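Reading the structure
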Amino acid sequence: MSPPLPDLETFPPLRAWQRKALVEYLRRRSDDFMAVATPGAGKTTFALRIAAELLADGTVEAVTVVCPTEHLKTQWATAAARVGIQLDHAFRNADIHSSRDFHGAVLTYAQVGMAPAVHRRRTMTRRTFVILDEIHHAGDSRTWGDGVKSAFEPAVRRLTLTGTPFRSDDNPIPFVEYERGPDGLQRSRADSVYGYADALRDRVVRPVLFMAYSGETRWRTNAGDELAARLGEPMTKDLIAQAWRTALDHRGDWMPQVMRAADSRLSKLREHGIPDAGGLVIASDQQTARAYAKLLHEITGEPAVVVLSDDEGASGRIATFATSQQRWMVAVRMVSEGVDIPRLAVGVYATSASTPLYFAQAIGRFVRARREGETATVFLPSVPHLLGLAGEMEAQRDHVLGAPKEKDGLDDDLLERAQREEDASGEMDKLFEALSATAELDHVIYDGTAYGTGARSGTPEEEEYLGLPGLLTPDQVEVLLNKRQTEQLAAQKRRQATEPPVPAQREQAPPMTAGERRNSLRRQLNTLVAAHHHRTNLPHGKIHAELRRLCGGPPSAQATIEQLEERIATIQTM
């Protein structure tokens, strides 16, 4: 006997963007519809409401959900059951047909790719509505894409969802519409878009503060040469990648210092507004993840939960952590897009992955809001490429076909191989030997603006930023960060005023390095922006955005010395 149809009267109320998108969907009644919404906005609820509408009016008889991982199958089935839609998350290809006890099934993209004929028959047997969650995964391989296309072409309706920037390859994604732009390139077109900036304005997601940490790193190349560099200073891409990996080495001081700062921040959030706040360290490989977990145990006195892959027991560990009071989880790949742990409020980005897609997936784990005022904090290396991604969280990226690809030199290829095996030993370790690394707070990024003048690890200046209240509105975050920065600058001026005069015969100070010059200019620019804010009452973010419009270039945290000098000259005339 078939299960009862879902009752629309008891369905939970929809958010404004969900209502608007639902009205648009019901108005069009087209075969395909694509919704792009930031992580935490409620894509699952939106999709299930459409499924309920189509089941209730008889448009479809069955529902199939396709998602990236086994863990998400359970999550989808649980969410659907809460609104009266029964989905079989245990369906296997060998079952051939779905049981009549269910409205449908939840599958993975890999599962569909392995046996598209099975799912095509299922789709043809009953009028089916197909939800393709995180649809960019259908472009992971030709097999998956072809399998999805073959299996679900006979569907009555298809809804494609994504919450992260689209990938940058040339594999067309099934059931996604592309439009050719003036430059001749084809770009994906969404029917409904709800970005992070929109969700933040509507208080649907949390504000995210990025704590960027620089520091001195030293390593030995495979040729036996010892090199040293300051993380965050202008360097070649190869040197940035090597300094970055050196900082992430668990045997140095950078990771323990950053983890202590992150755990201190977690304690502050737990003391002031988010009593069950949890933390997540995102690692590159299995060996490093275990080492990070050992460090956390030493720092906190509490074992960290380690989730290494999508294997047996991983879903259970994630589910247990999500409802527990445990402080930290360390994960490799498993906690990816869609995994719902709303209490995650502090993150450590301890991986060398550098694509916009991966970064957005990772940061998406921390933005889910439960109550108004909750904030999230993510600690990350002061690497220009990452700082640029952190400063442009609100950027909406479409899937572009045929665009020229440039290697960024930041290890994504090596990382992909390491993640497939989840073992860092091998080629990556042969490239160099990490010798030492120390950490210090470089600055805080919020809403595309950098705040702060730097602080050594373990100092009261660092604690001023780590101790920000846990419950803040977006406006309050900006006010407090500006206040902290103003206090830092005032303290610097007081110290300079009390220092004894420099003797005339004293040797001239050595010229600043490029990194020191850049940091000095950034502080000068932030001071001028703060002064302009007090004169005009314009938000800092809008002033920085106007300077970028007039002068061009990336956010100030990523800008070059020349770009910073141009912006300083421009704001002095405003």
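**Here we look at the confidence of the model for the chain**
With 85% of its residues at a pLDDT of 70 or more, the chain shows a mean pLDDT of 83. Mean pLDDT across the secondary structure elements of the chain bottoms out at helix α14 (residues 412-421), with 41, and peaks at strand β5 (residues 128-132), with 97. Here residues 404-429 scores under 50 on pLDDT; set against residues more than four positions off or in separate chains, the count is 50 contacts. Contacts from residues 504-509, a stretch scored under 50 in pLDDT, to residues over four places away or in other chains number zero contacts.

**Observations concerning empty space enclosed by the protein**
For the structure on display, the rule yields three cavities of 30 Å³ or more. Computed from the structure, the second largest cavity encloses a volume of approximately 80 Å³. Every residue lining the second largest cavity is counted, 13 residues in all, and those nearest its centre are Arg203, Val205, Pro207, Gly373 and Glu374. Residues belonging to the lining of the second largest cavity are distributed by class as follows: six nonpolar, two polar and five charged.

**Some details on the pairing of strand β12 (residues 278-283)**
One face of the sheet, then the other: side chains in a regular strand alternate in exactly this way. With six of six residues buried, β12 is to be regarded as a mostly interior element. By the alternation rule, side chains of β12 split into Gly278, Leu280 and Ile282 and Gly279, Val281 and Ala283, which are all buried. Where β12 and strand β15 (residues 344-350) come together, six bridges link them in parallel fashion. Looking at β15, one finds that Leu280 is bridged to Gly347. Note: β12 against strand β14 (residues 328-331), four bridges, orientation parallel.

Parameters and conventions
Residues numbered from 1 in each chain as written. Predicted model: local features only at pLDDT ≥ 70, side-chain atom pairs only at ≥ 80, totals over all residues. Heavy atoms only, no water. pLDDT = per-residue confidence, 0-100. Helix = DSSP H or I, 4+ residues; strand = E, 2+ residues; numbered from the N terminus. Contact = heavy atoms within 4.5 Å. 1 Å grid on protein atoms, 1.4 Å probe; cavity = no way out; pocket = protein on both sides within 12 Å on 5 of 7 lines; lining within 4 Å. Points joined across faces, edges and corners; volume = space filled by probe spheres on them. Nonpolar A, V, L, I, M, F, W, Y, C, P; charged D, E, K, R; others polar. Buried < 20%, exposed > 50% of the residue type's maximum accessible area, 1.4 Å probe, protein only. Pairing = 2+ DSSP bridges.

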